[in-house]
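Secondary and tertiary structure notes
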Amino acid sequence: MKTDWTKPVAITNPFPVKVTGIHLPPKEDIPEEFLKHHNPYTALASKIFFGMASVDNLVFREGIDRKMAIQQILYCLNSFEPKHEYKEAGVGFLLSLWTIQKDK
């Protein structure tokens, strides 16, 4: 059964041990444009990771729980696995599903 990534999931462990497939989509669920190409969403994920953008400025789509989404985004970005490029692609994909980009 394929996971529905259109809504954030609750964080139950305060330490991001394993995020792939639970909080971060596996590679097969991430569209190619997030894995191979830099786009506004992967750029935003990178900026959040490096402290150049704040999650406080994110505008979420209707029906997305803001608190849960921010927790999941930061949880994935701060995890020790997987590699940074993959986390950037996965979080970028989640951002594309959950947020409204004002400046594309």
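Residues numbered from 1 in each chain as written. Predicted model: local features only at pLDDT ≥ 70, side-chain atom pairs only at ≥ 80, totals over all residues. Heavy atoms only, no water.

**Section: the layout of surface pockets**
What counts here: Lining residues are defined by having an atom within 4 Å of a point belonging to a cavity or pocket. Those points lie on a 1 Å grid over the protein atoms alone, cavities being sets where a 1.4 Å probe fits but cannot get out and pockets being open sets with protein on both sides within 12 Å along at least five of seven lines. Grid points are joined across faces, edges and corners, and a volume is the space filled by probe spheres set on the points. Counting from the N terminus, the helices are the DSSP runs of H or I reaching at least four residues and the strands are the DSSP runs of E reaching at least two. Residue type decides the class: Asp, Glu, Lys and Arg count as charged, Ala, Val, Leu, Ile, Met, Phe, Trp, Tyr, Cys and Pro as nonpolar, and the leftover types, Gly among them, as polar.
One number sums up the size of the second largest pocket: a volume of about 220 Å³. Surrounding the second largest pocket, 13 residues form its lining, Phe34, Leu35, Glu85, Tyr86 and Ala89 being those nearest its centre. When residues of the lining of the second largest pocket are traced back to their parent elements, those giving at least two are helix 1 (32-35) and helix 4 (84-98). Broken down by element, the residue count for the lining of the second largest pocket peaks at four residues, all from helix 4. When the residues that make up the lining of the second largest pocket are grouped by side-chain class, the tally is four nonpolar, three polar and six charged.

**Overview of the environment of Thr3**
Filter applied, for reference: Contacts: residue pairs with any heavy atoms within 4.5 Å of one another.
Looking at where Thr3 falls in the secondary structure, it is placed in the segment before helix 1. With 26 residues separating them along the chain, Thr3 and Asp29 place their C-alpha atoms 8.6 Å apart. Every residue in contact with Thr3, bar those within four places of it in the chain, is listed here: Gly21 and Asp29.

**Focus: the nonpolar core**
What counts, and what does not: Among buried residues, the Ala, Val, Leu, Ile, Met, Phe, Trp, Tyr and Cys ones that are joined through side-chain atoms within 4.5 Å form a nonpolar core. Exposure is judged per residue with a 1.4 Å probe applied to protein chains only, and the accessible area is read against the type maximum: over 50% gives exposed, under 20% gives buried, and values in between give partly exposed.
Counting 26 residues, the largest nonpolar core has Ile48, Leu58, Phe60, Ile73, Val91, Leu95 and Trp98 as the members making the most contacts within it. Broken down by element, this core gets its largest block of residues, seven residues, from helix 4. Here Ile48 is in contact with Ala53, Val55, Leu58, Leu74, Leu77 and Leu95, once residues within four sequence places are set aside.

**Some remarks on the packing of helix 2 (residues 40-49) against helix 4**
Quick note on the threshold: Lines fitted to C-alpha atoms define the axes here, with helix axes fitted over just the stretch in contact, and angles between the N-to-C directions of these axes take values from 0 to 180 degrees. We call a crossing left-handed when the near helix sits turned anticlockwise from the far one by less than a right angle, and right-handed when that turn is clockwise.
Put simply, helix 2 and helix 4 touch, their axes get as near as 7 Å, and they point 115° apart. Where helix 2 crosses over helix 4, the handedness of that crossing is right-handed. Contacts between helix 2 and helix 4 pair Tyr41, Thr42, Leu44, Ala45, Ser46, Ile48 and Phe49 from the former with His84, Glu88, Ala89, Val91, Gly92, Leu95 and Ser96 from the latter. Here the residues of the contact of helix 2 with helix 4 sort into eight nonpolar, five polar and one charged.

**Description of the packing of aromatic side chains**
For the record, the criterion: Each Phe, Tyr or Trp ring, with Trp reduced to its six-membered ring, pairs with another whose centre is within 6.5 Å; inter-plane angles below 30 degrees give stacked pairs, above 60 give edge-to-face pairs, and intermediate values give tilted ones.
The tally for this structure, following the rule as stated, stands at three aromatic pairs. With a centroid separation of 5.6 Å and an interplanar angle of 65°, the aromatic rings of Phe34 and Phe93 are classed as edge-to-face. Of the two residues, Phe34 is situated in helix 1 and Phe93 in helix 4; the sequence distance between them amounts to 59 residues. Each member of the pair Phe34 and Phe93 is classed as buried. Ring centres of Phe49 and Phe50 lie 4.8 Å apart, and the angle between their planes is 90°; on these two criteria the pair is classed as edge-to-face. Using a relative accessible area of 32% as the deciding quantity, one classes Phe49 as partly exposed.

**Examining the packing of helix 3 (residues 66-77) against helix 4**
Convention followed: Comment on the angle field: the value is read as roughly parallel under 35 degrees, roughly antiparallel over 145, roughly perpendicular from 65 to 115, and oblique elsewhere.
The geometry of helix 3 relative to helix 4 is characterised by a closest axis approach of 9 Å and an angle of 170° between their N-to-C directions. When the axes of helix 3 and helix 4 are compared, the pair comes out roughly antiparallel. From helix 3, Ala69, Gln72, Ile73, Cys76 and Leu77 reach across to helix 4, where they touch Lys87, Val91, Leu94, Leu95 and Trp98. Its residues assigned to classes, the contact of helix 3 with helix 4 comprises eight nonpolar, one polar and one charged.

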